[in-house]
Amino acid sequence: IIWTRNDEIGLLVDEYNKMVKKLEISAQALAQSEREGAWREMARQVAHEIKNPLTPMKLSIQYLQNAIQKGAPNVKELSANMAITLIEQIDQLSKIAGDFSQFANIGNASMERFDIGEVLASVINLYRSQPGIQIGWEKTEQACFIFSDKVQMNRLFTNLFQNAIEAETDQHATIVLNIQQQVIDGQVLLSISDRSGGIPENMQQDIFTPNFTTKTSGTGLGLAICKGIVEKANGTIWHESLDGIGATFFIKLPLAD
């Protein structure tokens, strides 16, 4: 506040301005602390996830070294088995790097106008070609153009489909996904439903939290990435779950002009 007179009100204005400056400094310090805390947590998570695949890789190599030193007759067979283990763990490391890369690059979106139905159809056709997966799709007759990053939208549906598939614990069961697409009040509403038993009630509130996962492996970034992609497109994402039956994820996105 600007006050040029040197009177009682001027004293109050000076004290007020001092407090505003102190609050600004405190806010900047808090923001810096939060950023540093977020990076420390991310670094901790990256280190933890990388360590998991490295341990069996190290043990496998040490076991092979020991076998070679002792002149084991089955070294060739051990080498072949170790190669399989190493390839599996390298694939896991690649997935970890990909997840963190996607999470870090959500803000670097290349926005464009496109039909969301075309992206969804591409992902559906990819998964329909896999055995044991049945997908139903109720779509609108008209095209649904949105303004977003096309590559990120592809990742969004891929992550949601993959989560639904991995949620099925019965390896012999047919995985059933139902997709609905409709237009309501200038927005496209998409729902992706599965029959994989649902999400436990005590986990539902944390489902979009980074690093949270119900699986025994993985970074726990899949749904956090989905949330970031949808919000970058000015949309919303939420879920409903029936314990013992299945879960449905809803995505609402504004249609492009």
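Note: the structure precedes this text.
Peer 1: Just checking my understanding: could you explain the overall build of the protein for this structure?
Peer 2: Across its full length, the protein holds 5 helices and 7 strands. When the helices and strands of the protein are placed in sequence order, the string is α-α-β-α-β-β-α-β-β-α-β-β. Evaluated residue by residue, the protein yields a buried proportion of 33% over its 257 residues. The long-range fraction of contacts in the protein, counting pairs at least 24 apart against all pairs at least 6 apart in sequence, stands at 70%. Surface summary for the protein: the accessible area is close to 16300 Å², and the carbon and sulfur share equals 54%.

Peer 1: Which parts of the structure should I look at to understand helix H3 (residues 116-128)?
Peer 2: Because each turn of an α-helix spans 3.6 residues, side chains separated by three or four positions in sequence point in the same direction. If you check H3, its first and last C-alpha atoms are 18 Å apart, about what 13 residues at 1.5 Å a residue would give, namely 18 Å. Buried residues of H3: Ile116, Gly117, Val119, Leu120, Ala121, Val123, Ile124 and Tyr127, and no others. Where H3 is buried, its residues meet strand S1 (111-115), strand S2 (133-138), strand S3 (145-149), helix H4 (150-167), strand S4 (175-184) and strand S5 (187-194). Capping the start of H3 is the job of one residue whose side-chain oxygen sits 3.0 Å from the backbone nitrogen of Gly117: Asp115.

Peer 1: Explain the sheet that holds S4 to me, please; I cannot follow it from the model alone.
Peer 2: Hydrogen bonds between backbone groups are what pair the strands of a sheet, and the pairing can be parallel or antiparallel. Strands sit in the order S2-S4-S5-S7-S6 across an open sheet of 5 strands; the sheet is mixed. Every other strand in the sheet has two partners, leaving S2 and strand S6 (236-242) as the edge strands with one partner each. Each neighbouring strand pair of the sheet contributes to a mean axis angle of 15°, computed without reference to strand direction. Bridge count between S5 and strand S7 (residues 246-254): 7 bridges; the pairing is antiparallel. By the bridge assignment, Ser193 is partnered in S7 with Thr248. Together, S2, S4 and S5 form the strand contacts of H3, whose direction differs from that of S2 by roughly 160°.

Peer 1: How should I be thinking about the pattern of salt bridges in this particular structure?
Peer 2: Side-chain pairs of opposite charge can arise where the charged atoms are in close proximity. For the structure on display, the rule yields 2 salt bridges. Note that Lys18 is salt-bridged to Glu15, the shortest N-O span being 3.7 Å. Taken as a pair, Lys18 and Glu15 lie in helix H1 (residues 8-69) at a separation of 3 residues, close to a single helical turn. What makes Glu15 partly exposed here is its relative accessible area of 46%. A salt bridge links Lys227 to Glu231; the shortest N-O distance between them is 2.7 Å. With Lys227 and Glu231 both in helix H5 (residues 222-232) and 4 residues apart, this pair spans about one turn of that helix. On the basis of relative accessible area, Glu231 is assigned to the partly exposed category, the value being 42%.

What counts and how
Residues numbered from 1 in each chain as written. Predicted model: local features only at pLDDT ≥ 70, side-chain atom pairs only at ≥ 80, totals over all residues. Heavy atoms only, no water. Helix = DSSP H or I, 4+ residues; strand = E, 2+ residues; numbered from the N terminus. Buried < 20%, exposed > 50% of the residue type's maximum accessible area, 1.4 Å probe, protein only. Contact = heavy atoms within 4.5 Å. Areas by Shrake-Rupley, 256 points an atom, 1.4 Å probe, with all protein chains shown as cover. Expected span 1.5 Å × (residues − 1). Polar contact = N/O pair within 3.5 Å; in protein donor to acceptor, adjacent residues only side chain to side chain. Pairing = 2+ DSSP bridges. Axes fitted to C-alpha atoms, helices over the stretch in contact; angles between N-to-C directions. Salt bridge = Lys/Arg side-chain N within 4 Å of Asp/Glu carboxyl O.

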